[in-house]
Amino acid sequence: ASAALLGLLVGCGLGAEPVQDDGPTGVDRTGPTTGAPDLPDAPDRPDLPDVTALPGETVTVDLDGRPFRLHVPTGYDDSGPAALVVGLHGYTSRSEELDSYLGLTAASDERAFLLALPEGETNDAGDRYWNAVPGGCCDFYGAGTDDVEYLSRLLSTVQDSYDVDRVALVGHSNGGCLGPRVAGGRAPGGGGLAPPAGPLPVPPAACRPARPVTVLHAHGDADELVLFGGSAQGGWASAPDTAAT
């Protein structure tokens, strides 16, 4: 199911302009060590880390002190553009868990898309979170983290080193709430969203993307945590209102 979902999204995403970076590296490597891709030419972005991973390799990139992992599929071919999928874990979760239950890395190798797996910040209770809903989920300690800007820079970092023409954001719960803010805001790429149990914030009409966004929304009506009917206290819209918007 996850592979079919990702196939739909990476096939329907929108174009993204790659940018070039000559900045410092911050990469830890694992995996094969042959077949490095050629890098596209684009405007300089010296404030972004340089990322080059080989086919079948996963690298950890330090971006502004917040690492994310980038997986390059085993069948990666740098002769043409590729899709990029960004996985956003839920509240108290982590990227490894999201990858495990959705099978994202395996789908990346099967369908030849790039995969980025970032981590939310850690709050005072030691829980990872995304500041997805202003005044709501899940910046409960009021840190004011700008996760939209962080993900915008993540997309620019990957697009700096790879020819990315489609971007899909796959976020669960808290991560799903963040996805529309990135696709509909100032982050480059836009494209597709798959937010299982990730409703839009209230009011949902506040999300106004500059270009059409493909959305595959799924929400269980028996969900006792992220309520199907929405939550005024939590600051998220109902599943029907999210789908309608």
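Residues numbered from 1 in each chain as written. Predicted model: local features only at pLDDT ≥ 70, side-chain atom pairs only at ≥ 80, totals over all residues. Heavy atoms only, no water.

Things to note about the overall build of the protein chain
Of regular secondary structure, the protein chain possesses six helices and ten strands. For the protein chain, buried positions account for 51% of its 245 residues. For the protein chain, the proportion of contacts with a sequence separation of at least 24, taken over those separated by at least 6, is 66%. Counting only carbon and sulfur atoms, one obtains 51% of the accessible surface of the protein chain, whose full area is about 10500 Å². (Helix = DSSP H or I, 4+ residues; strand = E, 2+ residues; numbered from the N terminus. Buried < 20%, exposed > 50% of the residue type's maximum accessible area, 1.4 Å probe, protein only. Contact = heavy atoms within 4.5 Å. Areas by Shrake-Rupley, 256 points an atom, 1.4 Å probe, with all protein chains shown as cover.)

So, the packing of aromatic side chains
Under the defined criterion, the tally for this structure stands at two aromatic pairs. Summarising the aromatic geometry, the rings of Tyr91 and Phe140 are spaced 5.4 Å apart at their centres and angled 85° between planes, so their arrangement reads as edge-to-face. With a gap of 49 residues between them, Tyr91 in the loop between β4 (82-88) and α2 (95-102) and Phe140 in the loop between β7 (128-129) and α4 (147-161) connect regions that are remote in the sequence. Of note, Arg66 hangs over the ring of Tyr150, and the distance from its end group to the ring centre comes to 3.9 Å. (Phe/Tyr/Trp six-rings, centres within 6.5 Å; stacked < 30°, edge-to-face > 60°. Lys NZ or Arg CZ within 6 Å of the ring centre and 35° of its normal.)

Observations concerning the pattern of salt bridges
The tally for this structure, following the rule as stated, stands at six salt bridges. With a shortest N-O distance of 4.0 Å, Glu96 and Arg94 are connected by a salt bridge. Overall, Glu96 belongs to the partly exposed group, its relative accessible area being 39%. Classification of Arg94 by relative accessible area gives partly exposed; the value is 44%. A salt bridge links Asp165 to Arg166, with the shortest nitrogen-to-oxygen separation between them at 2.9 Å. When its relative accessible area of 23% is taken as the criterion, Asp165 is described as partly exposed. Three or more residues joined by partner-sharing salt bridges are found here, namely Asp47, Asp64 and Arg153. (Salt bridge = Lys/Arg side-chain N within 4 Å of Asp/Glu carboxyl O.)

Observations regarding the nonpolar core
The biggest cluster of nonpolar side chains holds 37 residues, and the ones touching the most others in it are Phe68, Leu114, Leu154, Val158 and Tyr162. At six residues, α4 tops the list of elements feeding residues into this core. Phe68 has contacts with Val59, Thr60, Val61, Leu63, Ala116, Leu117, Pro118, Tyr150, Leu154, Thr157 and Val158, leaving out every residue within four places of it along the chain. Residues Leu98, Phe113, Leu115 and Val170 belong to the second largest nonpolar core, which totals eleven residues. (Core = buried A, V, L, I, M, F, W, Y, C linked by side-chain atoms within 4.5 Å.)

What to know about the packing of α4 against helix α5 (residues 174-183)
Packed helix pairs are specified by the crossing angle of their axes together with the interaxial distance, meaning the distance between the axes. Their axes nearest at 10 Å, the elements α4 and α5 cross at an angle of 65°. Comparing the axis directions of α4 and α5 gives the class roughly perpendicular. Note that α4 runs across α5; the crossing there is right-handed. Contacts between α4 and α5 involve Asp147, Val148, Leu151 and Leu155 from the former and Leu178, Arg181 and Val182 from the latter. (Axes fitted to C-alpha atoms, helices over the stretch in contact; angles between N-to-C directions. Parallel < 35°, antiparallel > 145°, perpendicular 65-115°, else oblique. Left-handed = near helix turned anticlockwise from the far one by under 90°.)

A few points about the pairing of strand β5 (residues 114-118)
Two faces belong to every sheet, and in a regular strand the side chains alternate between them. Across the five residues of β5, five count as buried, placing the element largely inside the fold. The two faces of β5 match: Leu114, Ala116 and Pro118 on one face and Leu115 and Leu117 on the other face are all buried. Strand direction decides the pairing type here: strand β3 (residues 66-71) and β5, joined by four bridges, are antiparallel. Pairing of Arg69 across the sheet is with Leu117, part of β5. Bridge count between β4 and β5: three bridges; the pairing is parallel. Its bridge partner lying in β5, Val86 is registered against Ala116. (Pairing = 2+ DSSP bridges.)

Comments concerning the state of the cysteines
Going through the model one piece at a time under the given rule, you end up with one disulfide. In this model, Cys137 is linked to Cys138 through a disulfide, with the two sulfur atoms separated by 1.8 Å. The chirality of the disulfide connecting Cys137 with Cys138 is left-handed, given an S-S dihedral of about -45°. (Disulfide = S-S within 2.5 Å.)

So, α2
Along α2, the residues classified as buried are Ser95, Leu98 and Asp99. In an axial view of α2, the angular spread of the buried residues amounts to 100°, which keeps them on one side of the axis. Contact partners of the buried residues in α2: β3, β4, α3 (104-111), β5 and β8 (164-171). Looking one or two residues past α2, Gly103 carries a phi angle of roughly 65°, positive in sign. (Arc of directions from axis to C-beta.)

Considering the confidence of the model for the protein chain
Within the protein chain, residue pLDDT values average 80, and 77% of them lie at 70 or more. The lowest-confidence element of the protein chain is strand β1 (residues 27-30), averaging 42 in pLDDT; the highest-confidence one is β5, averaging 97. Scored below 50 in pLDDT, residues 1-44 shows 125 contacts in the model against residues more than four places distant or in partner chains. Confidence drops under a pLDDT of 50 for residues 186-190, and excluding neighbours within four residues, the segment shows 20 contacts in the predicted structure. (pLDDT = per-residue confidence, 0-100.)

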